[in-house]
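In case you want the letters, here they are:
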Amino acid sequence: MSSDRQWMYNRMRGGYLNPKFVDGVHVFVQFAISQPEWTDGPRIRCPCSMCKNRKFLEIENVKLHLVQKGFVPDYYEWRFHGETTTRRNYEQGEGHTSAYATESPGPYHTMVMDAGGLDLDFDTMEESPNPIAKKLYEMLQAADQALWPGCEKHSQLSAVARLLNIKSEYHLPERCYDSLLEFMKEALPQRNTLPENFYDTKKMVEGLGLPVEKIDCCERGCMIYWGVDSALKCCKLCGHPRYKSRRRESTTHKGDVPYKRMYYFPLIPRLHRLYASKATAKDMRWHDDHDKEDGVMHHPSDSKAWFHFDQMHPSFSAESRNVRLGLCTDGFQPFGQSGKQYSCWPIIVTPYNLPPGMCMKEPHMFLSVIVPGPNNPKHKIDVFLQPLIAELKHLWEVGVETYDVSQKQNFQMRAALLWTISDFPAYSMLSGWSTAGKLACPHCMEYSDAFSLPNGRKTSWFDNHRKFLPHNHPFRRNKNCFIKNKTISSQSPPTRSGTEILEHIEMLGLRKVTEADADEINSNICKTSGCGWRKRSIFWDLPYWSTNLIRHNLDVMHIEKNVFENVFNTVMNIEGKTKDNIKAREDLAMFCRRKELEKNANGKYPKANYTLDKNGKQAVCEWVKNLKFPDGYVSNMGRCVDLKKYKLFGMKSHDCHVFMQRLIPIAFRNLMPTNVWEPLTELSLSFKDLTCTKLKEEDMRRLELEIPEILCKLERIFPPAFFDSMEHLSVHLPYEARIAGPVQFRWMYPFERFLRHLKKNVGNKARVEGSICNAYLVEEASNFCSHYFESHVHTRQRNVPRNDDGGVAVPIEGNLSIFTYPGRSYGTAKPRPIEGGELRAAQTYILLNCDEVTPYIDIYILKLREQDPRISDADIDQMLDNNFVEWFELYARNPSNNVTNIFVKALAEGPNRTTQSYPMYFVNGYKFHTIGHGTGRATMNSGVCIKGTNYSENASDYYGQLIEILELEYPGYPFKRTVLFKCDWFDPSRHGTRRHQNYNLVEVNQSRRFNRYEPFILAMQACQIKARAVVEMPELSKKTSSMPELAFQDNEINLHQIEVVEDNDLGLLNDPNGGDIGSDVGDDEFESEDEIEHVLESESEDEDDDEDFADL
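Now for a look at the structure at hand. (Residues numbered from 1 in each chain as written. Predicted model: local features only at pLDDT ≥ 70, side-chain atom pairs only at ≥ 80, totals over all residues. Heavy atoms only, no water.)

A tally of regular secondary structure across the protein chain gives 31 helices and 35 strands. Burial analysis of the protein chain (1112 residues in total) assigns 56% to the buried set. Restricting to contacts in the protein chain with at least 6 residues of sequence separation, those with at least 24 account for 70%. Counting only carbon and sulfur atoms, one obtains 48% of the accessible surface of the protein chain, whose full area is about 49,700 Å². (Helix = DSSP H or I, 4+ residues; strand = E, 2+ residues; numbered from the N terminus. Buried < 20%, exposed > 50% of the residue type's maximum accessible area, 1.4 Å probe, protein only. Contact = heavy atoms within 4.5 Å. Areas by Shrake-Rupley, 256 points an atom, 1.4 Å probe, with all protein chains shown as cover.)

What follows is the structure, encoded as structure tokens:
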């Protein structure tokens, strides 16, 4: 205790302010102002007995508070204002102190303070601290204690935090971790403070962990023993006992063992931590701070659903730090397909306040509930959601006081759930609407026209889409191509608001599954009313739920996968999976007028022209077997090919995604009739447009009109058995995208990856949920620690990008852009000379594409026009190619021209005559390698396409292959290097390149080459390479090779015009050269052009649309 500061607690004397106290307050304020690193601009922390150093206030307000309320007790050392202090040990009876300097607190001190929040008080109290404060004090002590006497690099806490992060990131078993600690303790000097084992590690960092609640459940999933029911000994609904009976008396009583237990991870502490760390606090306001563009959606915060919620709840939207959440659930099998049948259902919550680069990423996905197995909870999942819904209601109605470290302010944080994300079966579990049967569509509801197929005995949505067409569309009046003799005059189903749906549910009298007799009552209501509702969802308990425009999202990932499998299995005529079988033909004869597909004179059904024969299937399978893609884009599809049965197996969702959007238009181009290929291509492109990272409202409205027409075209071709609920749900996807924004924030891909991560954490198969819980708590603590690691430490959040370009070089005044652009070569450099025409072509291209040389190009063109005013642009282009290098060299040497930049002068003199050749180069987030380097590899990164930029009017796109990567160096210091790609270009004229007018398919004739010697482009221009899929068409006569395709999501939509179909006869759908169903007899060859490649192009005329690489 400082005796010279007794005045701090002698505020009054004789009923008046003590003059010594007033003078002392002035001294304190002057000291606080002199420590700028501990202030918030003109504000300082207020140490009065009410604020307790929690708030930053203006200086005059701090003085007023101190005069009125006095100092916080026992604040003799001004620790929160920058004074070096000593801290007395919290344990009574120990007299030693440990000194640490708060003038420059280390990152681990900051970490502990952020984890503890503002309730962490360093001042020594007379009574013992509470358990939470005790753990934090222990960590502060560990942050001060060297790892061993004399160690300057690591404290006990820093070493433990690093080790814990390693265990979490690499999934080290506890025994492995214990063995590692044992070895390290042996290797380190004696008296080291490293913990003995994993248990001691967890105890040391226990204060960083977030809470978890273990809640007993009824074994049958009827109820949870929580809240008012926490003391019950048996289920109040079914009477099943809560605890297992003991077989014999035990001398060591360990308490009762429940039949089943769920794990609940409270949401509020995890939201607190988002604002406690400087790594995330500022980003939580991004949704409100970022620039918005009218009619364009990059993020859910740009969507109509977000704006509508703001308008309905202005008090919530007034505070930008309030949190918007999404919820997802899905089940997984922890033991694999061949193991014990066990269904585990995690429930995940994720915030949408964060920017796109952080939103939906694993560190910001909060595991909220683990529903215990082994059975699927089905509609009883609401039972396990009760604690989460109660917490969400509290966060909406009351909120919690939260400290924002980025703004150094307290605020009342509230939160709202925007929507849920799930596959279609889980959609029913969460929403209460049955997703099976004729009323499976949650948008159409009772307006659905689905029917059961008498022979196939499955529900079909055939002829369910003409009502979505414009009123005057000819398909509405067609009686031959759809259900025979049927016309459509009805309109598309109305969109119901949440309020209308809730009123309907209340009118029906449906109950929540947590209520008594809910199953029996809900079942009777469903039978008598014939509606699709099976229960009242627990989400209706949220006061704002009915105001949400989108409450439950249709999952584009699973819908696209199912649509692809239907298309591919039917076209490839996969036995057991095709939708064109004998029963389907029998149903087709009943509902449609397609005589050519009915039984022939032999009593067999003829082969349809939308299925491939044996030769066609062989061509597709061999083509897929030999396909190559860029590194990291998609898995090796060649492994999924069965060349004996001519089918694909084991394809993951992302493989189906790539095939659906990129390869279907190419795979079937030469193998199917045009009237079949065109609607399949339009379906493929519609999914491609739908999944762009940047959506425009007008484009979504266009898709809302186009997709029904595309489905109607498919209905004129395929049998009714082809159209299940997945095909029908495609109609509603553009509407949801228009309302809720880009699909990458509302599909299952990131959650499926998160579930895979959880599955890896199952170390004890006898305790699945417990294993996941323990590993997740460790990961939460290690992720929080990783924000405070030194900059050189690599963690999961700091991983070097897959295609790291090396970063930005040190800037030098006057340097040129071509010398400073970041890029990284890889592989062994091989020196080789460059001279003659090759040197001239390289030098010319560099000069004409360097921004700093543009003024000199303008001077040269001006001189040419002065000499010949009638000179054409083509002649100027030729003169630039032939003479500019020499002219620029002489111009830079002439002192009268005043060229003083040493880099421009070096550029004019030309590069050294020896260059370095590399096999691989990283630039602009891409990896490029030469054709020779890619030989024998499973991936291919040598395809190049660049927009023509010459001076002639007829600029063309150039397609080519990367032959060589050259690094040119210019003489003089500092070092000046630039990298060129030497490419082999195909003929860009109409004789070598043809473009499909509607679908942006480009055919490139490989036998024709560009007739000019311009092989080079700058490596920095690789950002101009458009996202195209360049692969050869499958042909029946020879094997195929491939060139690469880029990322799976476009940045923006490209306008693909669909074919306008008049109300005329489609033509015969049987294959005149084919056999019967089940026969592989067909054509031996197809007519095709020699050496033709097909390029699926994704191009924007006005804006750059480089593709966004996805970590799927």
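Once you've had a look at it, read on.
The next thing to look at is helix H21 (residues 697–715). The end-to-end C-alpha separation of H21 is 28 Å, in line with the 27 Å expected for 19 residues at 1.5 Å each. Among the 19 residues of H21, 14 are classified as buried, and the element is accordingly described as predominantly covered. (Expected span 1.5 Å × (residues − 1).)

We now examine helix H1 (residues 19–33). Over its 15 residues, H1 runs 22 Å from end to end, which matches the ideal 21 Å to within 8%, given 1.5 Å per residue. Buried residues along H1 sit against strand S3 (43–45) and helix H2 (59–69). The backbone nitrogen of Lys20 lies 3.1 Å from a side-chain oxygen of the residue at the head of H1, namely Asn18. (Polar contact = N/O pair within 3.5 Å; in protein donor to acceptor, adjacent residues only side chain to side chain.)

Moving on to the sheet that holds strand S22 (residues 824–826). Read across the open sheet, the 3 strands follow the order S22-S25-S26; overall the sheet is antiparallel. In this open sheet, the two strands that pair with only one neighbour each are S22 and strand S26 (926–929). Neighbour-to-neighbour, the strand axes of the sheet open up by a mean angle of 20 degrees, direction not taken into account. Of the strand pairs in this sheet, strand S25 (residues 920–923) and S26 are connected by 4 bridges, and their pairing is antiparallel. Its bridge partner being in S26, Tyr921 is matched across the sheet by Phe928. (Pairing = 2+ DSSP bridges. Axes fitted to C-alpha atoms, helices over the stretch in contact; angles between N-to-C directions.)

This structure, assessed with the given rule, holds 42 salt bridges. Among the ionic pairs, Arg840 bridges to Glu886, the shortest N-O distance being 2.3 Å. One end of the pair, Arg840, is in helix H27 (residues 836–848); the other, Glu886, is in helix H29 (residues 873–893), and 46 residues separate them in sequence. Classification of Arg840 as partly exposed rests on a relative accessible area of 28%. Several salt bridges converge on common partners, so that one network encompasses Arg285, Glu319, Arg321 and Asp404. (Salt bridge = Lys/Arg side-chain N within 4 Å of Asp/Glu carboxyl O.)

Tracing the backbone through its elements, the reader meets Asn165 in helix H5 (residues 156–170). Residue class for Asn165 comes out buried when judged on its relative accessible area of 5%. If sequence neighbours within four positions are ignored, Asn165 has contacts with Ser782, Ser786, Phe789 and Thr795.

Let us look at a positive patch on the surface. A contiguous patch of positive charge, built from Lys652, Arg756, Lys759 and Lys760, is present on the exposed surface. Mapped onto the elements of the fold, Arg756 is located in helix H24 (residues 749–760). (Patch = residues over 30% accessible without salt bridge, like charges linked within 9 Å, V, L, I, M, F, W, Y side chains within 5 Å. Lys, Arg positive; Asp, Glu negative; His and termini not counted. Charge placed at Lys NZ, Arg CZ, Asp CG, Glu CD.)

Another aspect to go through is unusual backbone geometry. Between Gly373 and the following residue, Pro374, the backbone shows a cis peptide bond with an omega angle of 10 degrees. Its location among the elements puts Pro374 in the loop between strand S12 (366–371) and helix H12 (381–397). Positive phi, normally seen in glycine, also occurs at Arg191, with a value near 65 degrees. Tracing the chain through its elements places Arg191 in the loop between helix H6 (174–187) and helix H7 (198–204). In the Ramachandran plot, Asn924 falls in the positive-phi region, its phi being about 55 degrees despite a non-glycine side chain. Along the polypeptide, Asn924 turns up in the loop between S25 and S26.

For the rest of this paragraph, the subject is the pairing of strand S31 (residues 1001–1005). Judged by how many residues are buried, S31 sits mostly within the fold: 5 of 5 residues are covered. Side chains Leu1001, Glu1003 and Asn1005 project from S31 onto one buried face, and the interleaved Val1002 and Val1004 project onto a second face that is buried too. Across 3 bridges, the pairing between strand S30 (residues 993–995) and S31 is antiparallel. Bridge pairing in S31 places Arg994 opposite Glu1003. Between S30 and S31, which pair antiparallel one after the other, the connecting turn spans 5 residues, and Asn1000 there sits at a positive phi close to 55 degrees.

This brings us to the packing of helix H16 (residues 556–571) against helix H19 (residues 653–667). Remark: H16 packs on H19, axes separated minimally by 9 Å, with the N-to-C direction vectors making an angle of 65 degrees. Crossing hand, H16 versus H19: left-handed. Counted together, Met557, Glu560, Lys561, Val563, Phe564, Glu565, Val567 and Phe568 of H16 and Ser653, Cys656, His657, Phe659, Met660, Gln661 and Ile664 of H19 form the full contact between these two elements. Tallied by class, the residues present in the contact of H16 with H19 amount to 9 nonpolar, 3 polar and 3 charged. (Left-handed = near helix turned anticlockwise from the far one by under 90°. Nonpolar A, V, L, I, M, F, W, Y, C, P; charged D, E, K, R; others polar.)

Attention shifts here to the packing of aromatic side chains. Applying the stated rule across the entire model yields 48 aromatic pairs. Between Trp887 and Tyr891 the ring centres are 4.8 Å apart and the planes differ by 25 degrees, which places this aromatic pair in the stacked class. Separated by 4 residues within a single helix, Trp887 and Tyr891 lie in helix H29, roughly one turn from each other. For the pair formed by Trp887 and Tyr891, the shared burial category is buried. Taken together through their ring pairs, the aromatic side chains of Trp7, Phe21, Phe28, Phe31, Phe71 and Trp78 make up a single cluster. Between the NZ or CZ atom of Lys167 and the centre of the ring of Phe198, over which it lies, the distance is 4.8 Å. Across from the ring centre of Trp677, 4.6 Å away, lies the NZ or CZ of Arg669, which sits over that ring. (Phe/Tyr/Trp six-rings, centres within 6.5 Å; stacked < 30°, edge-to-face > 60°. Lys NZ or Arg CZ within 6 Å of the ring centre and 35° of its normal.)

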